[in-house]
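What follows is each chain in one-letter form.
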Amino acid sequence: CSLHGTPEKPELCKVWPTSRADQGPLQAVCSYGFIPAAVATENSLEVGTVIDDRYRIEEQIGSGGMATVYRARHIGLEKDCAVKVLNAALSIHSKAREGFFKEARIVAKVTHRNIVRVFDVHDNGMCYIVMDFVRGETAHKRMTTTRMTPREAARIVMAVLEGLHEGHMHRPPI
């Protein structure tokens with residue numbers, strides 16, 4: 001399934017037709033749990049989609065096992081922002097939603113030049129976090145297209161560590 005399998009290892013997860021009393025008759029479910037396979041693929045928002053009359057999706061800029069990130073346009077403020085949408089298959093689980101919004105609350109308390117600012121969250125059927133959009137290339141693209149000098153690599157690592165340090169200062173105790 002799109003939630004657990006990967007292009008390199010599709011065998012990590014199989015989607016099986018099954019039936020359970022609490023799911024109704026014969027549905028396809030993921031072998032790692034009883035998540036309907038259709039839910040696991042409901043992640044993608046189309047360009048032009050408007051969320052909550054405020055954010056118009058402009059393009060998908062990244063995705064992972066937990067969420068998909070879009071560049072969107074804040075309609076009222078006429079500025080770009082990033083919208084991180086919790087994958088539909090995870091949004092049906094309260095623990096996943098809790099962790100997603102806990103991350104947003106922690107980051108929202110941090111003010112640092114190396115950490116994006118979170119300025120909105122929603123849990124209205126679709127769970128999402130809205131934050132500043134930062135133009136630029138990904139670290140992966142930078143490392144695979146350009147040879148960095150040791151000095152430049154050290155500068156980037158130090159910037160990341162500064163942001164992580166600031167973020168951990170705002171983390172609640174375990």
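Residues numbered from 1 in each chain as written. Predicted model: local features only at pLDDT ≥ 70, side-chain atom pairs only at ≥ 80, totals over all residues. Heavy atoms only, no water.

## Re the pairing of strand E8 (residues 127-132)
Side chains on a regular strand alternate between the two faces of the sheet. We count it as follows: Working definition: with a 1.4 Å probe on protein chains only, accessible area under 20% of the residue-type maximum means buried, over 50% means exposed, and in between means partly exposed. Helix and strand assignments come from DSSP, with helices taken as H or I runs of at least 4 residues and strands as E runs of at least 2, each series counted from the N terminus. Strand pairing is defined by DSSP finding a minimum of two bridges between the two strands.
Burial within E8 is extensive, with five of its six residues counted as buried. Relative to E8, strand E6 (residues 79-86) runs antiparallel, the two being bridged by five bridges. Paired with Val85 across the bridge in E8 is Tyr128. Bridging between strand E7 (residues 118-123) and E8 involves five bridges; their strand directions are antiparallel. Across the sheet, residue Asp123 finds its bridge partner in E8, namely Cys127. Adjacent in sequence and paired antiparallel, E7 and E8 are bridged by three residues, among which Gly125 carries a positive phi angle near 100 degrees.

## As for helix H3 (residues 94-108)
The test is simple: To estimate how far a helix should extend, the number of its residues minus one is multiplied by 1.5 Å. Any pair of residues with heavy atoms lying within 4.5 Å of one another is described as a contacting pair.
With 15 residues, H3 should cover 21 Å at 1.5 Å per step; its first-to-last C-alpha distance of 21 Å lies within 8% of that length. Residues Ala96, Phe100, Phe101, Ala104 and Ile106 constitute the buried set of H3. For H3, the elements touching its buried residues are strand E5 (67-74), E6, helix H2 (88-91), E7, E8 and helix H5 (150-169).

## Topic: a nonpolar patch on the surface
This is how it is decided: What goes into a patch is any residue over 30% in relative accessible area without a salt bridge, connected to like charges within 9 Å or, for nonpolar side chains (Val, Leu, Ile, Met, Phe, Trp, Tyr), within 5 Å. Note that accessible areas follow from Shrake-Rupley with a 1.4 Å probe, and for residues the cover is restricted to the protein chains shown. Should a side-chain nitrogen of Lys or Arg be within 4 Å of a carboxyl oxygen of Asp or Glu, the pair is scored as a salt bridge.
There is a patch of nonpolar side chains on the surface, built from Ile156, Val157, Met158, Val160, Leu161 and Leu164 and spanning about 510 Å² of accessible area. With respect to the helices and strands, Met158 occurs in helix H5.

## Side note on the nonpolar core
Using the following cut-off: Residues grouped as a nonpolar core are buried Ala, Val, Leu, Ile, Met, Phe, Trp, Tyr and Cys residues, joined through side-chain atoms within 4.5 Å.
Judged by nonpolar contacts, Ala67, Ala82, Leu86, Leu90, Ala96, Phe100, Phe101, Ala104, Val118, Cys127, Ile129 and Met131 together constitute the single largest core of 12 residues. When residues of this core are traced back to their parent elements, those giving at least two are E6, H3 and E8. No other element matches H3, which puts four residues into this core. What Phe101 contacts, discounting residues up to four positions off in sequence, is Val121, His122, Asp123, Cys127 and Tyr128. Residues Leu45, Ile51, Tyr55 and Val130 belong to the second largest nonpolar core, which totals 11 residues.

## Digging into the confidence of the model for the chain
Defined as follows: Each residue gets a pLDDT score, which is the predictor's confidence in that residue and runs from 0 to 100.
Mean pLDDT for the chain: 77, with 72% of residues reaching 70 or above. Confidence drops under pLDDT 50 across residues 1-7; counting only partners more than four residues distant or on other chains, this segment forms 18 contacts. Here residues 9-41 scores under 50 on pLDDT; set against residues more than four positions off or in separate chains, the count is 58 contacts.

## What to know about the side chain of Lys84
Let me state the cut-off plainly: Under this definition, polar contacts are N or O atom pairs within 3.5 Å; protein pairs additionally need one hydrogen-donor-capable and one acceptor-capable atom, and for neighbouring residues in sequence, both atoms have to be side-chain atoms.
Note on placement: Lys84 falls in strand E6. What makes Lys84 buried here is its relative accessible area of 18%. Engagement of the side chain of Lys84 in a polar contact is seen with the side chain of Glu103, the distance being 2.9 Å. When near neighbours in sequence (up to four residues on either side) are disregarded, Lys84 contacts Ala67, Thr68, Val69, Phe100, Glu103, Cys127, Tyr128, Ile129 and Met131.

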